[in-house]
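Working through the structure, step by step
Next come the chains, spelled out residue by residue.
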Amino acid sequence: MKAFLRCIAVVVLAFAMLLSLIGCSAPTAVEAIPVAVPANTAVAPSNTPAAAPTATAAVATPAPTATPAPPPPGDRFYDAFFDDAVFVGDSITQGLQNYVIHLRKDTPSLLGTARFAAAKSFNLERACFRKAPSDGALRYKGKAMTIPGIMTAMDVHTVYIMLGVNDWAGSHIDDCIENYATLIARILEAVPDAVIYVQSCTPVTQKGEKAKLTNVGLDAFNVSLRALCEQTGARYVDISTALKDETNCLNPAYSSDNYVHMSKEGAEAWIGALYQYAYEAYVSGAWEGPEERN
Amino acid sequence: MQKKSLSLLLTVCALCLCACAKPALETTTQDAGILFNNAYTAMEPNLPEMMEIPEDMILDYYGIEPADYTASLVRISVDNMLADEVVMMEASDEAAAERIEGLLKERLQAKAGEAENYSPEQFAIISKCGVVRDGQSVALLVSADYQALVDAFAARS
């Protein structure tokens, strides 16, 4: 009997323990789980005035992309502006040519892939000949050629011209402008899509001025040259200003002979003026910048 | 036995003669380039400041095809108002040497044409200069000291 009662007591106790294990415990407080509660956005029913929007969390919008500033004028970025061009002229351009060839040893991309064709006594009059003159002609691959002939032979469509000093352009402006107009027409006849850059005549030093070659005369010629460009679609490039000193003459430091030809410093100033032109063309949108090179 | 000895002796003599023969003189491209540099070094004291015309401009400048020469040295005056110019070329063969000589003579004529009315002093210098040829080596030499340049070219070694 006692054994029986003991058994029953054990069973009851075991059962109670089992129940407690199962979870008949008092409820405990549930920890709050932080949940981002979205702000209510007011949704206005169609026939009721819109409710004032509730403050929403500020959503950062990306700032508009700032247009990058163009590279400065001296940057190699502008080398490509001069690609596939030829610089033609007289002994003054020959000086530039020599300087560029020399500098390209260290800066191969200077003035892009532009080439040169210049001769000492070349002038506007000779440039207008239908056939290359026998003397003082521009030469390419050992042959005398006209400017259109050189452009065709080189397969270039852009030309930079500087002529006039050998014609005493400042002393008979009308004749020289007429010759320039003829030259531009001849180029366009041979290369209809030619882009023609007409560089201003460069100044002479104060000591180098002669009766037929004065800076006042050259300035007047350059004004007429600019007007001709506007009429013909050619593009005028002012080189002269960058080379002058306060006396309106070629800065002697820029001259190799205290007359009309450029020193290394003068050639640098000339190149600087060309790159300034390229920079302005880019800023104005006239030039889109270098093409992607494969 | 004697015949065999004689044959052997003759064979040995023939071999000795071959060994003693002077080797054929070959001017390699490298040799020509070195000779040109040596000659130019000797010319330099007689020249103003000069600059190199790079090889990829030789065709544009002179019309000389790259296949026509195996070595070259081209220098012009940095001051474009001076006529000084040195062009030395080792032609690929005799026919190329003829072509190069012709083109360099045209170049000299063009220089004279440029200078005749523009710079009488330089025209006078150009008029006394010329193109020299030594086998397949051809040179255009322009300088007030033309003879010194000719001598340096002839003595290149």
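Calculation criteria
- Residues numbered from 1 in each chain as written.
- Chains lettered and ligands numbered in written order.
- Predicted model: local features only at pLDDT ≥ 70, side-chain atom pairs only at ≥ 80, totals over all residues.
- Heavy atoms only, no water.
- Salt bridge = Lys/Arg side-chain N within 4 Å of Asp/Glu carboxyl O.
- Buried < 20%, exposed > 50% of the residue type's maximum accessible area, 1.4 Å probe, protein only.
- Helix = DSSP H or I, 4+ residues; strand = E, 2+ residues; numbered from the N terminus.
- Pairing = 2+ DSSP bridges.
- Contact = heavy atoms within 4.5 Å.
- Expected span 1.5 Å × (residues − 1).
- Arc of directions from axis to C-beta.

**Focus: the pattern of salt bridges**
Following the criterion strictly, the structure yields 13 salt bridges over all chains and no others. Across the pair Arg76(A) and Asp79(A) runs a salt bridge, and its minimum N-O distance is 2.7 Å. One continuous salt-bridge network, built from bridges that share partners, spans Glu94(B), Glu98(B), Glu101(B), Lys105(B) and Arg133(B).

**A short note on the pairing of strand E2 (residues 69–77) of chain B**
All names here are of chain B. Across the nine residues that make up E2, a large majority, seven, are buried. As judged from the three bridges shared by strand E1 (residues 50–52) and E2, these two strands associate in the antiparallel manner. Bridge pairing in E2 places Met50 opposite Ser77. Relative to strand E3 (residues 85–91), E2 is paired through seven bridges, and the arrangement is antiparallel.

**As for the environment of Ala39(B)**
Summarising the element assignment, Ala39(B) is placed in helix H2 (residues 29–43). Discounting chain neighbours no more than four positions away, the residues touching Ala39(B) are Met88(B), Ala152(B), Phe153(B) and Arg156(B).

**Here we look at helix H6 (residues 215–232) of chain A**
All names here are of chain A. With 18 residues, H6 ought to run about 26 Å at 1.5 Å a step, and its terminal C-alpha atoms sit 25 Å apart, in line with that. Of the positions making up H6, those classed as buried are Asn215, Gly217, Leu218, Phe221, Asn222, Leu225, Leu228 and Cys229. With its buried residues spanning 140° around the axis, H6 presents them on a single face. Exposed positions of H6 whose direction lies more than 90 degrees from the buried face are Val216, Val223, Glu230 and Gln231. Here the buried face of H6 lies against helix H3 (124–127), helix H5 (173–190), strand E6 (195–199), strand E7 (235–237) and helix H7 (240–243). Two residues or fewer past H6, Gly233 is found with a positive phi of approximately 85°.

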